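Structural features, examined
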Amino acid sequence: MSMLKMIFRTECLLLLRNQFLAVPLIINALCWGYIVISYEIQTIHFQERAGAFYSGFIWMLLLNLLIVGLFSVYMAGKDRESEFEYLVVTYQVKNVEWIAGKWLVTQLYGLCITLITLLVQAVWFVSGKMAFGDVAKNVFYAFIQMEGAFFLLISLGFLFGVLMKNIFAYVLIPAILVLTLGLPFDYTGVALSFDNPRLHLLTPFDYMFIESPYEGLWGIDRVFWGTVLHQTAVLLLGIVVILVALLVFRSNRRIQREKKMVPILLVILIIPTILLSGIRYVQYNQALEQFVTTGQQYVKGFEGDNQDDYYKWMNSYYDSYLDHTKYDFAMERTDLTVQLQSDNQINVTSSLTIKHNGNEPAKEVYLTLFHGLQVTECASESEITCTYDKDVVTVHFEDMIEPKEEFTINLSYHGSILQYRDDGYVEHSFIGKNRVYLPKEAGWYPLIGDRQLVIAREHNQNYVQFEQRNGRLVEDFPTEFTVEVLNENSGIPLALTIPEVKTGVYQGTSQYGLSLVGGNIKELMVDGIRVVGHPDVLNGTKETIKEYQKTWNFIENWLEVPMTPEVIYILNDDHYYLAKNTPSQEFLIWGADNLGDTRDSVISYEVVEYLTADYSTSDYDDFSLLEKSMEWAILSDLHDEIGFKDWYLSTWGSAVEETGLVDLLNEYEGEGTVKFNEVVKFLYKQYEQLEEKQEFDMEAALQLYEGETSN
């Protein structure tokens, strides 16, 4: 032990004399200083403090892994290269003492980098009035991510340094980082056919998240325990690797005790390493399997044999209008009593008042409810029987339901609400101790009609062989809601898309429906709009709303359609993208990462996309030109804009198919902005009236306009 201490002390002194090794520490301090200062000097924040930290943390961790890995190879081989090691081994020093002393010094160097990060994180988070428990959890998360990864990389560096006596030992460090992190780092929620997402577990730090481990309202709770498990296995693997390095280092010099102890320790540590790794694998594999099993229930394949039809079918996946089906029945009133239970369980009793708005008598009514929920009661004052098939509850009436007739159905159900998206990486809906999210698209309460909660189709370029998005759940009529929520897990704040009238009771009328959210949220009113979001970004949201309000007012005066929402949720980008296909005038979801982008061009694009509910990829059709003409009208209202044609060509480039129409629209613009806006308004109204939106014909609509205005 005394020899180990002497080696450790000597190597520390040598380390302190090496001025170049201070450079990574200085780089870390400067980078964190830049991140913190650039955030704090902002008068209004559009991003959470923790969000800014983790955005920088990932990049800094990658850089530090490379630095520490290369340094460990240097430490393992520097005395051999200087031939000092040949002198040392003639002295009474054991292999374990020699390697372990240098290995511990390298680990100490990595720990210094970690401490700089943790110090910045702790001070910064505390200054942001984050609760002590949350600060401690975040600091521990960052610590185990960094130290686990450093621990393994340093051990690998020593193993390579011992095994190889050339530059390839250094090359292996970046090679391993690229091999283990290359595919997950480029991961966007859809693994390609050659990329088994289970292999993404083989990373030196837990990278089982998309973009960032931090989820705004829900902090890092989603990934915390999985990361602890993953990194504990990585730490054990790091010890295993350094023991292997001891086994291969100058075997002829090993003393009898080392010959016995090192293999024994190796076997003892391999067992828990495999066990913890297996638990972690099973944990993710269950999420992936559930995602695949759920998705396969909805998958549809291409049934034609024509290549052109195939491409149309491929692109139709993004056409959210295909999801919108009108129903003869409407949910007039919904009363819910919701118990949020542990382990993502939900228990609900409901009373549904339904009206027949069709013209023909009917005997069946369809309700949509997520198939993972089990119906325990389905009753009515009338004689009914109920059958269940996947997400659809079919209510069969003994007597005919006449047009305009109202009736009530009592439905009780319970079950797991946990659902996954994006190869099992994203929890789409969940009920946890510190977080709750039940979006409408989860089908957690009865929806009228036979609805598609999920749109999925075959896709042989994806690992899971299909692609999947949320269905577009648009209601034809508003519903009067009363919802009582009993949260057994904790006292975290909750919010619904209808207002809370007393503790735990929500009441209101909504045509959008219900999405329940709970976590680190605050709610405030901004010009009559309820805003629900993380406390750090609420002031930024106020400013963003002010910018959007100009365009909303313009649209309302111009097109005479309601635009100002009643409630806005601020979520992370993953959950924002999942819900954006269900547009509603009264309810918006904004992604926190884009909150500060209030450029006029962005606002006009977002508002038009929201207004038309179009997420197709087609850039060169009549509908696309209508969208762009609407964008130009908005931009012209916000600031002086160049002529329509010049703007169109400079922004979108030329499109041969549309040149005539662009020129035609430009002629109207030449008669003044008022005239141009009048024409575009007419075109929009024609488009809005169409049942099949993709049938919009601008030339025909313009001829109709000329005919009507000439009379």
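The structure under discussion appears in the preceding block.
So, here's what we can say about the structure. What you see is a predicted model, and the numbers here were worked out from it, not measured in a lab.

**A look at the environment of Leu183**
Position of Leu183 among the secondary structure elements: in helix α7 (residues 168-185). Placed 14 residues apart in sequence, Leu183 and Pro197 show a C-alpha to C-alpha distance of 8.9 Å. Residues within four places of Leu183 in sequence aside, it is in contact with Phe194, Asp195 and His200.

**Focus on the state of the cysteines**
Scanning all chains against the criterion turns up one disulfide. Between the sulfur of Cys378 and that of Cys386 lies a disulfide, 1.9 Å long from S to S. In this structure, the disulfide formed by Cys378 and Cys386 twists by about -65° around the S-S bond and is classed as left-handed. For the pair formed by Cys378 and Cys386, the shared burial category is buried. Cysteine Cys31 is unpaired, with the sulfur of Cys112 as its nearest cysteine sulfur at 17 Å. Looking at Cys31, the relative accessible area reads 27%, which means it is partly exposed. In this model Cys112 remains outside any disulfide bridge; the closest cysteine sulfur is found in Cys12, 8.8 Å from its own.

**Examining the sheet that holds strand β15 (residues 479-487)**
The seven strands lie next to each other as β5-β8-β3-β2-β15-β18-β17, forming an open sheet whose pairing is mixed. Two strands bound the open sheet, and with one partner strand each, they are β5 (373-380) and β17 (500-502). Between one strand axis and the next, the sheet turns through 20° on average, direction left out of account. The pairing of β5 with strand β8 (residues 406-416) spans seven bridges and is antiparallel. Its bridge partner lying in β8, Gln374 is registered against His414.

**Quick notes on the side chain of Thr273**
Here Thr273 shows up in helix α9 (residues 256-298). What makes Thr273 buried here is its relative accessible area of 8%. Of the polar contacts made by the side chain of Thr273, one reaches the backbone oxygen of Leu269; its length is 2.7 Å. In contact with Thr273, other than residues within four places in its own chain, are Ala233, Leu236, Leu237 and Val240.

**Looking at a nonpolar patch on the surface**
A contiguous nonpolar patch, built from Phe20, Val23, Ile27 and Leu63 and spanning about 370 Å² of accessible area, is present on the exposed surface. Structurally, the position occupied by Phe20 is in the loop between α1 (2-17) and α2 (22-40).

**Remarks on the pattern of salt bridges**
What the rule picks out here adds up to 20 salt bridges. Between Glu289 and Arg198 there is a salt bridge, with its nearest N and O atoms 2.7 Å apart. With Glu289 in helix α9 and Arg198 in the loop between α7 and α8 (221-248), this residue pair connects regions lying 91 residues apart in the sequence. On the basis of relative accessible area, Glu289 is assigned to the partly exposed category, the value being 35%. For Arg198, a relative accessible area of 14% gives the class buried. Note that Lys546 is salt-bridged to Glu543, the shortest N-O span being 3.5 Å.

**Quick notes on unusual backbone geometry**
Its identity is not glycine, yet Asp423 carries a phi of approximately 55°, on the positive side. If you trace the backbone, Asp423 turns up in the loop between β9 (419-421) and β10 (426-431). Of note, Gln465 is a non-glycine position whose phi angle comes to about 70°, a positive value. With respect to the helices, strands and loops of the structure, Gln465 is situated in the loop between β13 (454-458) and β14 (466-470). Since its relative accessible area comes to 42%, Gln465 is described here as partly exposed.

**Points about the sheet that holds strand β23 (residues 587-591)**
In spatial order, the strands read β20-β21-β22-β23; together these four strands make up an open sheet with mixed pairing. Strand pairing shows two members of the sheet lacking a second neighbour, β20 (522-526) and β23, which therefore form its edges. Taken over all neighbouring pairs, the strand axes of this sheet differ in orientation by 20° on average, direction set aside. Strand direction decides the pairing type here: β20 and strand β21 (residues 529-533), joined by five bridges, are antiparallel. In the strand pairing of β21, Leu524 is matched with Val531. Of the strands in this sheet, β20, β21, β22 (567-571) and β23 touch helix α11 (residues 538-559), which is tilted by about 140° from β21.

**Looking at the packing of aromatic side chains**
Counting across every chain of the model gives 42 aromatic pairs. With a centroid separation of 4.9 Å and 20° between ring planes, the pair formed by Phe623 and Tyr687 is classed as stacked. Residue Phe623 is found in helix α14 (residues 622-638), and its partner Tyr687 is found in helix α17 (residues 673-689); the two are separated by 64 residues along the sequence. Across this residue pair, the class does not change: Phe623 and Tyr687 are buried. The interplanar angle of 40° and the centroid separation of 6.3 Å between the aromatic rings of Tyr684 and Tyr687 together place this pair among those described as tilted. Here the residue Tyr684 and the residue Tyr687 both occupy positions in helix α17, the gap between them amounting to three residues, near one helical turn. Taking the relative accessible area as the measure of exposure, Tyr684 reaches 3% and is therefore buried.

Definitions and cut-offs
Residues numbered from 1 in each chain as written. Predicted model: local features only at pLDDT ≥ 70, side-chain atom pairs only at ≥ 80, totals over all residues. Heavy atoms only, no water. Helix = DSSP H or I, 4+ residues; strand = E, 2+ residues; numbered from the N terminus. Contact = heavy atoms within 4.5 Å. Disulfide = S-S within 2.5 Å. Buried < 20%, exposed > 50% of the residue type's maximum accessible area, 1.4 Å probe, protein only. Pairing = 2+ DSSP bridges. Axes fitted to C-alpha atoms, helices over the stretch in contact; angles between N-to-C directions. Polar contact = N/O pair within 3.5 Å; in protein donor to acceptor, adjacent residues only side chain to side chain. Patch = residues over 30% accessible without salt bridge, like charges linked within 9 Å, V, L, I, M, F, W, Y side chains within 5 Å. Areas by Shrake-Rupley, 256 points an atom, 1.4 Å probe, with all protein chains shown as cover. Salt bridge = Lys/Arg side-chain N within 4 Å of Asp/Glu carboxyl O. Phe/Tyr/Trp six-rings, centres within 6.5 Å; stacked < 30°, edge-to-face > 60°.

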